[in-house]
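Below, each chain spelled out in residue letters.
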Amino acid sequence: MDKKLITVTSPLMPDLDDFVHSLNDIWDKRWITNNGEYHQKLEKALCEYLKVPYVSLFTNGTLPLITALQALRITGEVITTPYSFVATTHALWWNGIKPVFVDIDPATGNLDPGKIEAAITPQTTAIMPVHVYGQPCRVKEIQDIADKYGLKVIYDAAHAFGVEVKGESILTAGDISTLSFHATKVFNTIEGGAMVLKDEKTKQRIDYLKNFGFANEVEVVAPGINSKLDEVRAAYGLLNLKQVDFAINARHQVAMKYREALKDVDGITVWQDKPGVRHNYSYFPIFVDAERYGMTRDELYFKMKSHNVYGRRYFYPLISTFSTYRGLPTSGRDHLPNAYKMAEDVICLPMYHNLTDDDIARVVDEIIK
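If you're wondering where the values come from, they're calculated on a predicted model, not measured in any experiment.

## Structural notes on the overall build of the protein
Next, step 1: When its secondary structure is counted, the protein shows 12 helices and 13 strands.
Next, step 2: A compact globule built from 369 residues would reach a C-alpha radius of gyration of about 21 Å, and the protein, at 21 Å, matches this within 12%.
Next, step 3: The principal-axis extent of the C-alpha atoms belonging to the protein is close to 65 × 55 × 40 Å.
Next, step 4: Within the protein, buried positions represent 55% of all 369 residues.
Next, step 5: The long-range share in the protein, meaning contacts at least 24 apart out of those at least 6 apart in sequence, stands at 70%.
Next, step 6: Total accessible area on the protein stands at roughly 16500 Å², and carbon and sulfur atoms take up 54% of it.
Next, step 7: A distance of 2 Å separates the average location of the 41 positive side-chain charges in the protein from that of its 46 negative side-chain charges.

The following block contains the structure:
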């Protein structure tokens, strides 16, 4: 077995001396949470970097989803995708909302707008799509449907940090977008997340909701939750933001090397960049056609793993197959054929900014051999 473990991801981390300098400042100020200086600076810096009007920071990426549903008073049924991380659907469940699964577009892994209208009922109040692997959803088509039926749109944009279409941030689509700053993401605050908002009034309401509903020292205006980001992780994030473009560029180089090396491997499909899109290269999925390739996806996955090359079958299994959701009428394979197929064919290859040429060669060799 090869000695070096090649993991599926590796976190972007700031220079330790720079971080210690920030920690010393935080220790001197003795203000470690509750909308401190670093928290405010990070929100402002993210607005500028992401080209969005307002950002509200959270302690992880799941709580913005839960809070967005509360803030927009979503009830009843929400149309969403089965091809995502479980937090997307769990956020609905925690709010007492019924998920209605709609199949995906096999070209992107995203919710297929052409299948949304058939799933709308009198109980439908919103659509919750996901920009899968950072691939932009067909946001205009989704918004047209939402406007036609009077529905809200909340985007789970956990993978879409910095993604733009024709120079505009994808995060301004819909009513609210949410981000994850987990250690596995392109930009991270170790654990963390954010909500992207369009107006100051909604930003203020969200800031109340994430701090128990406090408007001031003596007034609670809503039944809020505690989901604030602390000063230590805000400082970490500010330092990471300075190097995130370097990391994205490095990921781009990795993606191009994978594409070139795998372009002629029969039975292995890779995606290309979309015209007009600034991608963030958060993941590099490949899709295995077992008949043409001569090996199933799982056989390849475990062969790679046996040689210390760790990919990830992401997203597998589908959310709709988990015990909480498999009894829903929209969870079956006949209803979600594209999603089931993608979940059974996909491997996300190792992808991060400090992946070496030797690492890439080992990954590719496992696939080509």
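## Description of the side chain of Ser 227
Next, step 1: Relative to the helices and strands, Ser 227 is located in the loop between helix H6 (200-209) and helix H7 (231-241).
Next, step 2: You can call Ser 227 buried: its relative accessible area is 0%.

## Describing the sheet that holds strand S5 (residues 152-156)
Next, step 1: Pairing is mixed across the open sheet formed by 7 strands, whose spatial order is S1-S9-S8-S5-S4-S2-S3. The outermost strands of the open sheet, each flanked by one partner alone, are strand S1 (54-58) and strand S3 (98-101). Strand after strand, the sheet turns through a mean of 25 degrees between neighbouring axes, direction not considered.
Next, step 2: For strand S2 (residues 77-80) and S3, the ladder comprises 4 bridges, and the chain directions are parallel.

## Some words on the sheet that holds strand S6 (residues 164-165)
Backbone hydrogen bonds hold the strands of a sheet together, and the pairing may be parallel or antiparallel.
Next, step 1: Strand order across the open sheet formed by 3 strands is S7-S6-S11, with antiparallel pairing between neighbours. The open sheet is flanked by strand S7 (168-169) and strand S11 (277-278), the only strands paired with a single partner.
Next, step 2: As paired elements, S6 and S11 share 2 bridges and run antiparallel to each other. Residue pairing for S11: Val 165 is matched across the bridge by Val 277.

## Looking at the environment of Ala 173
Next, step 1: Relative to the helices and strands, Ala 173 resides in the loop between S7 and strand S8 (176-180).
Next, step 2: Residues Ala 173 and Met 342, spaced 169 residues apart in sequence, show a C-alpha to C-alpha distance of 25 Å.
Next, step 3: Other than its neighbours up to four places away in sequence, Ala 173 contacts Val 139 and Tyr 155.

## What to know about the layout of surface pockets
The method is simple in principle: a probe with the dimensions of a water molecule rolls over the atoms, and the space it marks as empty is what remains.
Next, step 1: Taken as a whole, the largest pocket encloses approximately 460 Å³ of empty space.
Next, step 2: Looking at the largest pocket, it is lined by 29 residues, and the ones nearest its centre are Phe 85, Ser 180, Thr 184, Lys 185 and Tyr 314.
Next, step 3: Mapped by element, the contributors of at least two residues to the lining of the largest pocket are helix H3 (62-71), helix H4 (87-94) and strand S13 (346-349).
Next, step 4: Across the lining of the largest pocket, the residue classes break down as 13 nonpolar, 12 polar and 4 charged.
Next, step 5: Taken as a whole, the second largest pocket holds about 320 Å³ of empty space.
Next, step 6: Around the second largest pocket, the lining comprises 16 residues; the ones closest to its centre are Asn 35, His 39, Lys 203, Asp 207 and Lys 210.
Next, step 7: Looking at the lining of the second largest pocket, the elements with two or more residues in it are helix H2 (37-50), S1 and H6.
Next, step 8: Looking at side-chain class alone, the lining of the second largest pocket contains 5 nonpolar, 6 polar and 5 charged residues.

## Topic: H2
Next, step 1: End to end, H2 covers 20 Å across 14 residues, agreeing with the expected 20 Å (1.5 Å per residue, within 8%).
Next, step 2: Restricting attention to buried positions, one finds in H2 the residues Tyr 38, His 39, Leu 42, Glu 43, Ala 45, Leu 46, Cys 47, Tyr 49 and Leu 50.
Next, step 3: At the C-terminal side of H2, Lys 51 shows a positive phi close to 60 degrees.

## Comments concerning the pairing of S8
Next, step 1: Buried residues dominate S8, accounting for 5 of its 5 residues.
Next, step 2: Every second residue of S8 is oriented toward a common face, with Ile 176, Thr 178 and Ser 180 on one face and Ser 177 and Leu 179 on the other, all of them buried.
Next, step 3: With 3 bridges joining them, S5 and S8 adopt parallel strand pairing. Residue pairing for S8: Asp 156 is matched across the bridge by Thr 178.
Next, step 4: Relative to strand S9 (residues 193-197), S8 is paired through 4 bridges, and the arrangement is antiparallel. Paired with Ser 177 across the strands is Val 196, a residue of S9.

Parameters and conventions
- Residues numbered from 1 in each chain as written.
- Predicted model: local features only at pLDDT ≥ 70, side-chain atom pairs only at ≥ 80, totals over all residues.
- Heavy atoms only, no water.
- Helix = DSSP H or I, 4+ residues; strand = E, 2+ residues; numbered from the N terminus.
- Rg over C-alpha atoms; globule rule 2.2 N^0.38 Å.
- Buried < 20%, exposed > 50% of the residue type's maximum accessible area, 1.4 Å probe, protein only.
- Contact = heavy atoms within 4.5 Å.
- Areas by Shrake-Rupley, 256 points an atom, 1.4 Å probe, with all protein chains shown as cover.
- Lys, Arg positive; Asp, Glu negative; His and termini not counted.
- Charge placed at Lys NZ, Arg CZ, Asp CG, Glu CD.
- Pairing = 2+ DSSP bridges.
- Axes fitted to C-alpha atoms, helices over the stretch in contact; angles between N-to-C directions.
- 1 Å grid on protein atoms, 1.4 Å probe; cavity = no way out; pocket = protein on both sides within 12 Å on 5 of 7 lines; lining within 4 Å.
- Points joined across faces, edges and corners; volume = space filled by probe spheres on them.
- Nonpolar A, V, L, I, M, F, W, Y, C, P; charged D, E, K, R; others polar.
- Expected span 1.5 Å × (residues − 1).

Note that all results are geometric; they support no functional claim without further evidence.
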